[in-house]
Amino acid sequence: MTTKIILDTDPGIDDAMAILFAEANPNIELLALTTIFGNADIETGTRNALYLKERFNLQCDVVKGTDKPLYREPVGASVAVHSENGFGGIAIETPTITADPRPAFQYIIDTVKASPGDVTLVAVGPLTNLALAYNHAPEIAELIKEVVIMGGAFGTHEHTGNVTPFAEANIHDDPHSADIVFTAPWQVTIVGLDVTHEAFFSSDYIDTLRDTCGEVGQFMWDISRFYLNFYKERMGVNGCFVHDPSAIAYVIDPSLFTLRKGPVRVVCDGPAVGHTLQKYTDTKHKTDEWSDMPAQNVAIKVNDQALLDLYLDSMTSYGAE
Ligand code: BDR
Ligand code: CA
């Protein structure tokens, strides 16, 4: 069965790897890329989404999202990780196509209402477009099939944060939106650092993508040079963790992941801003701002070898088309 998805994204190197994975795998129907600030500013990220659509003939819509978080001061683009142009500094031609005229939150509302029960929202950037969609039309909560997020860090396997000691980038960029999304009455599955830091694309693996996946493999290799250099200098590793493609892998094959259930909240200010916490026990407390919230899924374990095999198989078949 194919799953229809809207992919909310801040392209971004691992975002491009996730977008092409969603396009490649026959179990996903990619309806749209809705863009969000994050790895790059909104103009650059939207340009990159349009570039991918045009270059790889994606049939999805591209829709521009909001340029800033709901309340916090913007933290700025992740230039050190993804480069000034978001795609590792490779030459990107200006696309000749344009985005859908609607703002992303309105596109999400319209599309979900047109196909009730059918659409999964996958978000691999800050969650502002999703929070805006929910705030404008809370009735969409019961019309959405599932919300799948790459973001957050709950401390499993000691993975607590990447941009601060206790926050992951997508949640840190807009903690208020993340708290709205996690406490809304829809089913959210959170694929955070707990699992994305447990799956690794080695430099050799990315060489294999280049050698077996045609033009798309060469493109992923080209954009990931800058990214791998960041990982080498910052963490001393020869490759990169599998962030955004892991959210797509969950949609294709949820059995790759072990999930833990319980309500989730986000710290919205102070030194732990962006920290995500899940209450997963039944313990009663005098004061508890978790328990009345919907129980969400947090991924705490991944079959990383199977995930890597799935990614390579999908991209190799697609590259051969
Ligand atoms: C997340 O932050 C962004 O830099 C990546 O694209 C990914 O979505 C990882 O923390
Ligand atoms: Ca991203």
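Residues numbered from 1 in each chain as written. Chains lettered and ligands numbered in written order. Predicted model: local features only at pLDDT ≥ 70, side-chain atom pairs only at ≥ 80, totals over all residues. Heavy atoms only, no water.

A. Just the overall build of the protein, in detail. Counting its secondary structure elements, the protein contains 12 helices and 12 strands. Whereas a compact globule of 321 residues would reach a radius of gyration of roughly 20 Å, the protein reaches 18 Å, a difference of no more than 12%. Along the first, second and third principal axes, the C-alpha set of the protein runs to 60 × 45 × 40 Å. Within the protein, contacts between residues at least 6 apart in sequence are counted, and of these 81% link residues at least 24 apart. Positive and negative side-chain charges in the protein, numbering 21 and 44 respectively, have mean positions lying 4 Å apart. (Helix = DSSP H or I, 4+ residues; strand = E, 2+ residues; numbered from the N terminus. Rg over C-alpha atoms; globule rule 2.2 N^0.38 Å. Contact = heavy atoms within 4.5 Å. Lys, Arg positive; Asp, Glu negative; His and termini not counted. Charge placed at Lys NZ, Arg CZ, Asp CG, Glu CD.)

B. Broad picture of the packing of helix 1 (residues 13-24) against helix 11 (residues 244-252). The N-to-C vectors of helix 1 and helix 11 enclose an angle of 25°; their axes lie 7 Å apart at closest approach. As judged from the angle between their axes, helix 1 and helix 11 are roughly parallel. Facing Asp 14, Asp 15, Met 17, Ala 18, Phe 21 and Ala 22 of helix 1, the residues of helix 11 in contact are Asp 244, Pro 245, Ile 248, Ala 249 and Ile 252. Grouping the constituent residues of the contact of helix 1 with helix 11 by class yields 8 nonpolar, no polar and 3 charged. (Axes fitted to C-alpha atoms, helices over the stretch in contact; angles between N-to-C directions. Parallel < 35°, antiparallel > 145°, perpendicular 65-115°, else oblique. Nonpolar A, V, L, I, M, F, W, Y, C, P; charged D, E, K, R; others polar.)

C. The pattern of salt bridges, seen in detail. Under the counting rule described, the total for this entry stands at 10 salt bridges. Here Glu 29 ties to Lys 4 by a salt bridge, and the two come within 3.7 Å at their closest N and O atoms. With Glu 29 in strand 2 (residues 28-35) and Lys 4 in strand 1 (residues 3-9), the pair connects residues that are 25 residues apart, well separated along the chain. Accessibility expressed as a relative area gives 24% for Lys 4, which makes it partly exposed. For Asp 100, the salt bridge is made with Arg 102, and the minimal N-O distance between the two is 3.0 Å. (Salt bridge = Lys/Arg side-chain N within 4 Å of Asp/Glu carboxyl O. Buried < 20%, exposed > 50% of the residue type's maximum accessible area, 1.4 Å probe, protein only.)

D. Looking closely at the UniProt feature "domain: Inosine/uridine-preferring nucleoside hydrolase" (unreviewed entry) in the protein. As recorded in UniProt, the sites labelled "domain: Inosine/uridine-preferring nucleoside hydrolase" (unreviewed entry) are residues 5-308. Along residues 5-308, the helical share is 38% and the strand share 18%, with 21 Å between the first and last C-alpha atoms. (UniProt positions renumbered as here; feature names shortened; annotations may be inferred.)

E. Highlighting the side chain of Asn 170. Along the chain, the position of Asn 170 falls in helix 6 (residues 169-173). For Asn 170, a relative accessible area of 6% puts it in the buried group. In terms of polar contacts, Asn 170 uses its side chain to reach the backbone carbonyl oxygen of Val 124, at 3.3 Å. Ignoring sequence-local partners within four residues, the contact set of Asn 170 consists of Asp 10, Val 124, Gly 125, Pro 126, Leu 127, Met 150 and Gly 151. (Polar contact = N/O pair within 3.5 Å; in protein donor to acceptor, adjacent residues only side chain to side chain.)

F. Unusual backbone geometry, seen in detail. Note that the residue after Pro 11, namely Gly 12, is joined by a cis bond; omega there is -20°. At Asn 57, a position not held by glycine, the phi torsion is positive, near 55°. Along the polypeptide, Asn 57 turns up in the loop between helix 2 (42-55) and strand 3 (61-63). You will see that Ser 83, though not glycine, has its phi angle at about 80°, which is positive. The topology assignment puts Ser 83 in the loop between helix 3 (79-82) and helix 4 (104-114). The exposure class of Ser 83 is buried, given its relative accessible area of 4%.

G. Structural context of the coordination of the calcium ion (ligand 2). Around the calcium ion (ligand 2), the protein contributes the donor atoms Asp 10 (OD), Asp 15 (OD), Asp 15 (OD), Val 124 (O) and Asp 244 (OD), at 2.3 to 2.6 Å from the metal centre. Spacing between the donor residues of the calcium ion (ligand 2) along their common chain follows D-x4-D-x108-V-x119-D. Of this pair, Asp 10 sits in the loop between strand 1 and helix 1 while Val 124 sits in the loop between strand 4 (119-123) and helix 5 (128-136), and the two are 114 residues apart along the sequence. The buried category is assigned to Asp 10, whose relative accessible area is 1%. (Donors = N, O, S within 2.8 Å, 3.2 Å for Na, K, Ca; no water.)

H. Structural context of the pairing of strand 4. Among the 5 residues in strand 4, 5 count as buried, and that is most of the element. Side chains Val 119, Leu 121 and Ala 123 of strand 4 all project onto a buried face; the interleaved residues Thr 120 and Val 122 project onto the opposite face, where all are buried too. When strand 1 meets strand 4, the two strands line up parallel, connected through 5 bridges. By the bridge assignment for strand 4, Lys 4 is matched with Val 119. The sheet contact formed by strand 4 and strand 5 (residues 146-150) spans 4 bridges and is parallel. Within strand 5, the position partnered with Val 122 by the bridge is Val 148. On the question of chirality, the crossover connecting strand 4 to the parallel strand 5 by way of helix 5 is right-handed. (Pairing = 2+ DSSP bridges. Right-handed = clockwise from strand over helix to strand, strands pointing away.)

I. Molecular detail of helix 1. With 12 residues, helix 1 should reach 16 Å at 1.5 Å per residue; the first-to-last C-alpha distance of 17 Å fits that figure. Burial runs high along helix 1: 11 of the 12 residues are buried. (Expected span 1.5 Å × (residues − 1).)

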